[in-house]
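# Close look at the chain arrangement
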Amino acid sequence: MKLDFKSINKKKITKELFFIALGCAVYSFSLLHFNVPNKLAEGGGAGVALFFLYAFGLPVSYGTLLVNIPLLVLGYKMLDKKTMIYTIYGILMLTFWIKIFETYHVVIDIGGDRLLASVFGGIIAGTGLGIVFVFGGTTGGVDIIAKIFQVYFGFSVGRVIQILDGIILLFTFMVLKSFPAILYTLIYIYICTKIIDYLIEGGIPGKGVMIMSPKIEEITQKVYTDMDRGLTFIKGQGSYSRKDMNIGYCVVSRSEVARLKSLVYAVDPNAFVTISDVHDIIGQGFSFDQPKKRKFKFKKNK
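Residues numbered from 1 in each chain as written. Predicted model: local features only at pLDDT ≥ 70, side-chain atom pairs only at ≥ 80, totals over all residues. Heavy atoms only, no water.

Let's shift gears to the overall build of the protein. A tally of regular secondary structure across the protein gives ten helices and four strands. Helices and strands in the protein line up, N terminus first, as α-α-α-α-α-α-α-α-β-α-β-β-α-β. By the burial criterion, 40% of the 302 residues in the protein qualify as buried. Considering only contacts within the protein whose residues lie at least 6 apart along the sequence, 73% involve residues at least 24 apart. Within the structure as shown, the protein displays about 18200 Å² of accessible surface, and the carbon and sulfur contribution to it stands at 64%. (Helix = DSSP H or I, 4+ residues; strand = E, 2+ residues; numbered from the N terminus. Buried < 20%, exposed > 50% of the residue type's maximum accessible area, 1.4 Å probe, protein only. Contact = heavy atoms within 4.5 Å. Areas by Shrake-Rupley, 256 points an atom, 1.4 Å probe, with all protein chains shown as cover.)

Here it is in structure tokens:
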């Protein structure tokens, strides 16, 4: 049977556009129901739109278009066709949903508690933006300016965005003239960023463990027998002894770390072990079904 690749691409694009619209709706809801009522600032293009609201009373929906249209004109030559289309779509969806929530506002009574607003606003906004980014979308804003600076001046995109966001927040605080607003906004931005990172990096966290020991073969066999986890050998050499050695690398869930360490040190109390964070694990034993256990032969050290 011949596959219809055009049909598959259409389904993929439809799925991406749907979730970008959904992410924009979630983000817009947070912006209009947590940031605006509690005078919280924001970075990026939405932050400029909030500045226009606080300083001149311009609705956020109009401010979003006012900021992004000139930026699109400046940046259209630097964006590939798909990115440009998705950026325009994201801006239109963001503007549309902001206008919807400006017209049909839901009253959320949190007793004027800005801390609750910054925490839950950050969670909801981060979820919305995370969905947009995961499906290849963008909401425009200062990202385009950052790209222009990168192309013409060689500056880091991340650093330019940080500087621009800082300037936007500074001007917003000058209008609000509220020191608590600064602190609560920082909490909001921190939580929002962490949620975005979590959604982009993946949802199966774990620990990567490197084991250096002359008894690595015995440790490997013990770990496999007791935990049903395999080790990967990485060829290494001691800088002092100049002896070749196998370094064992293993990925385990967080709940398995203590057990793994116990097994390793039961075999070799002098083993050198390092443990690092792993943000997303894809493969057997984690995202795939674990195959039936097979018997392996392990070589003994001579």
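After presenting the structure, the write-up continues.
Moving on: the pattern of salt bridges. Enumeration according to the criterion identifies four salt bridges in this entry. Two residues, lysine 207 and aspartate 277, come together in a salt bridge whose shortest N-O distance is 2.4 Å. Note that lysine 207 is positioned in strand β1 (residues 206-212) and aspartate 277 in strand β4 (residues 272-278), a separation of 70 residues in sequence. Of the charged contacts, one joins arginine 229 and glutamate 256 as a salt bridge, the two residues approaching to 3.3 Å between their closest N and O atoms. Residue arginine 229 is found in the loop between α9 (216-227) and β2 (232-237), and its partner glutamate 256 is found in the loop between β3 (244-252) and α10 (257-267); the two are separated by 27 residues along the sequence. For the pair arginine 229 and glutamate 256, one class covers both residues: buried. (Salt bridge = Lys/Arg side-chain N within 4 Å of Asp/Glu carboxyl O.)

A word on the confidence of the model for the protein. In this model, the protein carries a mean pLDDT of 84, and residues with pLDDT of at least 70 account for 86%. Across residues 1-5, confidence stays below pLDDT 50; counting only partners more than four residues off in sequence or on other chains, it has zero contacts. (pLDDT = per-residue confidence, 0-100.)

On to the side chain of threonine 138. Assignment of secondary structure puts threonine 138 in the loop between α5 (114-134) and α6 (142-153). Discounting chain neighbours no more than four positions away, the residues touching threonine 138 are Tyr86, Thr87, Gly90, Ile91, Val132, Phe133 and Asp143.

With that out of the way, let us pick up unusual backbone geometry. For lysine 177, which is not glycine, the phi dihedral falls at a positive 55 degrees. With respect to the helices, strands and loops of the structure, lysine 177 is situated in the loop between α7 (157-176) and α8 (179-201). Positioned with a positive phi, aspartate 228 is a non-glycine residue whose angle comes to about 60 degrees. Locating aspartate 228 in the fold gives a position in the loop between α9 and β2.

Throughout the structure, instances matching the rule amount to nine aromatic pairs. For the pair phenylalanine 19 and phenylalanine 135, a centre-to-centre distance of 4.5 Å together with 5 degrees between the ring planes defines the contact as stacked. Pair noted here: phenylalanine 19 is in helix α1 (residues 5-35) and phenylalanine 135 is in the loop between α5 and α6, with a separation of 116 residues, a long-range link. (Phe/Tyr/Trp six-rings, centres within 6.5 Å; stacked < 30°, edge-to-face > 60°.)

Among the residues making up α10, those that are buried are Val257, Leu260, Leu263, Val264 and Val267. Across the axial projection of α10, the buried residues extend over an arc of 130 degrees, all falling on one side. Those residues of α10 that are exposed and aimed more than 90 degrees away from the buried face are Ala258 and Ala266. (Arc of directions from axis to C-beta.)

Moving on, we come to α8. Helix length check: α8, at 23 residues, gives a terminal C-alpha distance of 33 Å against a target of 33 Å (1.5 Å per residue), a fit within 8%. Residues Ala181, Thr185, Tyr188, Ile191, Cys192 and Ile196 constitute the buried set of α8. (Expected span 1.5 Å × (residues − 1).)

For the rest of this paragraph, the subject is the nonpolar core. Formed by 28 residues in total, the largest nonpolar core has its most connected members in Cys24, Tyr27, Leu31, Leu32, Leu50, Val60 and Ile98. The residues contacting leucine 32, other than those within four sequence positions of it, are Pro37, Ile98, Phe101, Glu102 and His105. (Core = buried A, V, L, I, M, F, W, Y, C linked by side-chain atoms within 4.5 Å.)

Tracing the backbone shows glycine 63 in helix α3 (residues 60-75). The spacing of glycine 63 and phenylalanine 52 is eleven residues in sequence and 6.4 Å in space, taken between C-alpha atoms.

A word on the packing of α5 against α8. The interhelical angle for the contact between α5 and α8, taken along N-to-C directions, is 35 degrees, at an axis separation of 7 Å. The crossing of α5 and α8 is right-handed. Across the contact of α5 with α8, the residue classes tally to 19 nonpolar, six polar and one charged. (Axes fitted to C-alpha atoms, helices over the stretch in contact; angles between N-to-C directions. Left-handed = near helix turned anticlockwise from the far one by under 90°. Nonpolar A, V, L, I, M, F, W, Y, C, P; charged D, E, K, R; others polar.)

Turning our attention to the packing of helix α2 (residues 44-56) against α3. It is at 8 Å that the axes of α2 and α3 come closest, and there the two elements cross at 125 degrees. Between α2 and α3, the angle falls in the class oblique. Considering only the axes of α2 and α3, their crossing is right-handed. Between α2 and α3, the residues in contact are Gly45, Val48, Ala49, Leu50, Phe52 and Leu53 and Val60, Gly63, Thr64, Leu66 and Val67, respectively. Looking at the contact of α2 with α3 residue by residue, the classes come out as eight nonpolar, three polar and no charged. (Parallel < 35°, antiparallel > 145°, perpendicular 65-115°, else oblique.)

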